[in-house]
Amino acid sequence: MMKTRGCCASICQCFFEYSTPKILVIRSFKVGTLNRITQALVIAYVIGYVCVLNKGYQDMDAVLSSVTTKVKGIALTNTSDLGLRIWDVADYVIPPQEENSFFVLTNLLITLNQTQSHCPEVPKTGFDCTSDRDCKAGSRDTRGNGVQTGKCVKYSAVDKTCEVLAWCPLELDKEPPNPPMLADAENFTVLIKNSIRYPKFNFNKRNILPYVNKTYLEQCVFNRITDPDCPIFRLKDMVTEANEDFQTMAVHGGVMGVQIRWECDLDMPSSWCVPRYTFRRLDNKDPVNNVAPGYNFRFAKYYKNGNNEETRTLIKGFGIRFDVMVFGQVSFHRNNLSHF
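These numbers were taken from a predicted model, which means no experiment stands behind them.

Thresholds applied
Residues numbered from 1 in each chain as written. Predicted model: local features only at pLDDT ≥ 70, side-chain atom pairs only at ≥ 80, totals over all residues. Heavy atoms only, no water. Buried < 20%, exposed > 50% of the residue type's maximum accessible area, 1.4 Å probe, protein only. Helix = DSSP H or I, 4+ residues; strand = E, 2+ residues; numbered from the N terminus. Pairing = 2+ DSSP bridges. Core = buried A, V, L, I, M, F, W, Y, C linked by side-chain atoms within 4.5 Å. Contact = heavy atoms within 4.5 Å. Phe/Tyr/Trp six-rings, centres within 6.5 Å; stacked < 30°, edge-to-face > 60°. Lys NZ or Arg CZ within 6 Å of the ring centre and 35° of its normal.

**Comments concerning the pairing of strand 5 (residues 101-120)**
If a strand is regular, its side chains alternate between the two faces of the sheet. Of all 20 residues that make up strand 5, 14 are buried, and the element is covered over most of its length. Note that strand 5 and strand 7 (residues 160-168) share six bridges and pair antiparallel. Residue Pro 120 lies in a different strand from strand 7, and its bridge partner there is Glu 163.

**Focus: the nonpolar core**
Side chains that are nonpolar tend, in soluble globular proteins, to be buried together. Tyr 92, Tyr 198, Leu 235 and Met 238 are the most contacted members of the largest nonpolar core, which totals 48 residues. Grouped together as the second largest cluster of nonpolar side chains are nine residues, Leu 191, Leu 209, Ile 232 and Val 274 included.

**Quick word on the environment of Phe 233**
Mapping Phe 233 onto the fold places it in strand 10 (residues 232-234). When the C-alpha positions of Phe 233 and Phe 188 are compared, they lie 8.5 Å apart, and in sequence the two are 45 residues distant. Not counting residues up to four positions away in its chain, the partners in contact with Phe 233 are Phe 188, Thr 189, Val 190, Ile 192, Phe 222, Met 238, Tyr 277 and Phe 279.

**A word on the environment of Trp 167**
The residue Trp 167 is located in strand 7 in this model. Accessibility expressed as a relative area gives 16% for Trp 167, which makes it buried. Placed 147 residues apart in sequence, Trp 167 and Leu 314 show a C-alpha to C-alpha distance of 9.3 Å. Trp 167 has contacts with Gln 114, Thr 115, Gln 116, Tyr 302, Glu 310, Thr 311 and Arg 312, leaving out every residue within four places of it along the chain.

**So, the packing of aromatic side chains**
This model, assessed by the stated rule, comprises 14 aromatic pairs. Measuring from centroid to centroid gives 5.9 Å for Trp 167 and Tyr 302, while their planes differ by 70 degrees, and the two rings are edge-to-face. You can see Trp 167 sitting in strand 7 and its partner Tyr 302 sitting in strand 13 (residues 296-304), a full 135 residues away along the chain. Taking 5.0 Å as the distance between ring centres and 40 degrees as the angle between the ring planes, the aromatic pair formed by Phe 222 and Phe 233 counts as tilted. Of the two residues, Phe 222 is situated in the loop between helix 4 (214-219) and strand 10 and Phe 233 in strand 10; the sequence distance between them amounts to eleven residues. As far as burial versus exposure is concerned, Phe 222 and Phe 233 are alike and both buried. One aromatic cluster in this structure is built from Phe 103, Tyr 295, Phe 297 and Phe 299. Between the NZ or CZ atom of Arg 85 and the centre of the ring of Trp 87, over which it lies, the distance is 4.3 Å.

See the structure below:
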């Protein structure tokens, strides 16, 4: 019984007690200086790093983006194969639309009037022969141009190769023209339309800014000094800003990057949220490791001749592909989120 009363008394005594921490004042220049330096470092970290650099008081959101492009320009060529010819956007933009990119034809090798028939394979390792025994009927090779017939035939006065069933005459493996056929492509222009959205803040904008009207858009061309907000770009200017020469790049083709960066602070006026453009070459241009340089592919145009026989023109096209890449993030004060 006595133990129970003692326990209750202790609990009551603890419940109605009040204690304060004991403060010890140390009068020392070294200790005081160290204390103030520590406090200053904590304050500098919170204000400088967390609030100013990392904007810890703000909420962030990543950009959602869509890109469309429209190329314009006319080129004139005069060659022995094609004669005098005009090239418009339907000829040199292949395909007409791509996702976040566009391709402009700048150079080409043409093989005219191909038909499905028999012809000697182009001389190369694995296709040379001296008799029919060296050729296997039905054989096909990914490095070749057709299916072997089993015959060894003359390719030239000194060369014999295996005959193939293919689109004949075969394409010749040779270097593309230099200077490029579509040298005028450097003066082509492209309208890049970029719409962005920050879903967390329900904020939308596009790179055709509010003050840009139809009259301005019809005559402006992007210039970093005089027209930094114009969304129409001259192809040569983009390549030049990447420290490349357009005519040199146009011979074998290549890949360019168009970078659009949106860094927006919605605590500031929305008019301050504008795109910044930069340009760089993306494909490898190593002068030592220069095997298979540039960018090219083949396509064909098909016809019917007077005998109702299918013929085609084979084109090995070289050109520049422009990849449009959009980056960015938005920040906004956390206390203002209720406005969205």
